[in-house]
Amino acid sequence: MTDLLTELKAIGLEQLTFDDQQRIELDQFITVCSPFFNSICQQKPDSPRHDLLLGVMTKAQSEAQLDFEQKRQSLHNMQQVFKKTVGKEHADKLVPTDSNQLIVITTLWLLVQGYQGIDFSYANDHATEVANLLSDDKESDSSTHTDTLRSGFMQAYYISVDNAQANKPATSMMDKMKQWLQRSFF
């Protein structure tokens, strides 16, 4: 039986870059989510692992985003207190763990989407939505921060698209012609 970490590594996890805090969030997420993923795999042994992984990651991302949205006002108030007490320069260095959690889980979710061949525009729309959500409380360079986050999310998507292509079995010229004919005439 494979576990969550093995599945994520197979589609490109090790090619992603996370800062130290995000690595901690990644490790915690894998520790917490692995038993759930294993349980789902046991309940549905005939289902492809990557399909189950997509379902688990979609659930996790949805919950992380909802949790972040619900805590957003409290996070904003906390940032304001930090700005008043330690100054804006130092307050901007403090990143709530909820932000890192949402970044990590969204990155993993988009990694799985790319591997599964989910439509680019769907992935990009969600990457933009989460980047905007995470950037809402940034007062300066909000568009730059949003673009940086969205680009990071989409990098995960592209990494796994490339890995999916590399892992596809080679098709013969005859198979390619059949596929072309089927797409063209049926």
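Refer to the structure printed above.
**Q** Tell me what's going on with the nonpolar core, and back it up with residues and numbers.
**A** Ranked by internal contacts, the top residues of the largest apolar core, which has 45 residues, are Leu-8, Phe-29, Leu-108 and Phe-153. Going through the elements one at a time, helix H1 (4-11), helix H2 (20-43), helix H3 (49-86), helix H5 (97-116), helix H6 (120-135) and helix H7 (142-167) are the ones with two or more residues in this core. Considering every element that reaches this core, the biggest residue donor is H5, with 10 residues. Sequence-distant contacts of Leu-108, defined by excluding residues within four places in its chain, comprise Leu-8, Leu-13, Leu-16, Leu-26, Phe-29 and Met-57.

**Q** I'd like to hear about the environment of Asp-119, residue by residue, with values.
**A** Counting through the fold element by element, Asp-119 comes out in the loop between H5 and H6. Looking at Asp-119, its side chain comes within polar contact range of the side chain of Ser-121, at 2.2 Å.

**Q** Describe the side chain of Ser-160, with residues and values.
**A** Locating Ser-160 in the fold gives a position in helix H7. A distance of 3.1 Å separates a polar atom in the side chain of Ser-160 from the backbone nitrogen of Tyr-115. Setting aside its immediate chain neighbours within four residues, Ser-160 contacts Ile-11, Leu-110, Leu-111, Gly-114 and Tyr-115.

**Q** Pulling in residues and values, what's your account of the pattern of salt bridges?
**A** A complete count under the given rule lists 4 salt bridges for this structure. The salt bridge involving Lys-9 is made with Glu-14; its shortest N-O contact spans 3.6 Å. Here Lys-71 and Asp-98 are joined by a salt bridge, their closest N and O atoms 3.3 Å apart. Note that Lys-71 is positioned in helix H3 and Asp-98 in helix H5, a separation of 27 residues in sequence. Note on Lys-71: relative accessible area 37%, which makes it partly exposed.

**Q** Any details on the environment of Ser-34? Residues and values, ideally.
**A** For Ser-34, the location among the structural elements is in helix H2. Using a relative accessible area of 13% as the deciding quantity, one classes Ser-34 as buried. Along the backbone, Ser-34 and Leu-5 are 29 residues apart, and their C-alpha atoms lie at a distance of 7.6 Å.

**Q** I'd love a proper account of the environment of Ile-40, names of residues and values included.
**A** With respect to the helices and strands, Ile-40 occurs in helix H2. Along the backbone, Ile-40 and Leu-53 are 13 residues apart, and their C-alpha atoms lie at a distance of 9.1 Å. Those residues in contact with Ile-40, other than ones at most four positions away along the chain, are Leu-52 and Val-56.

What counts, and at which threshold
Residues numbered from 1 in each chain as written. Predicted model: local features only at pLDDT ≥ 70, side-chain atom pairs only at ≥ 80, totals over all residues. Heavy atoms only, no water. Core = buried A, V, L, I, M, F, W, Y, C linked by side-chain atoms within 4.5 Å. Buried < 20%, exposed > 50% of the residue type's maximum accessible area, 1.4 Å probe, protein only. Helix = DSSP H or I, 4+ residues; strand = E, 2+ residues; numbered from the N terminus. Contact = heavy atoms within 4.5 Å. Polar contact = N/O pair within 3.5 Å; in protein donor to acceptor, adjacent residues only side chain to side chain. Salt bridge = Lys/Arg side-chain N within 4 Å of Asp/Glu carboxyl O.

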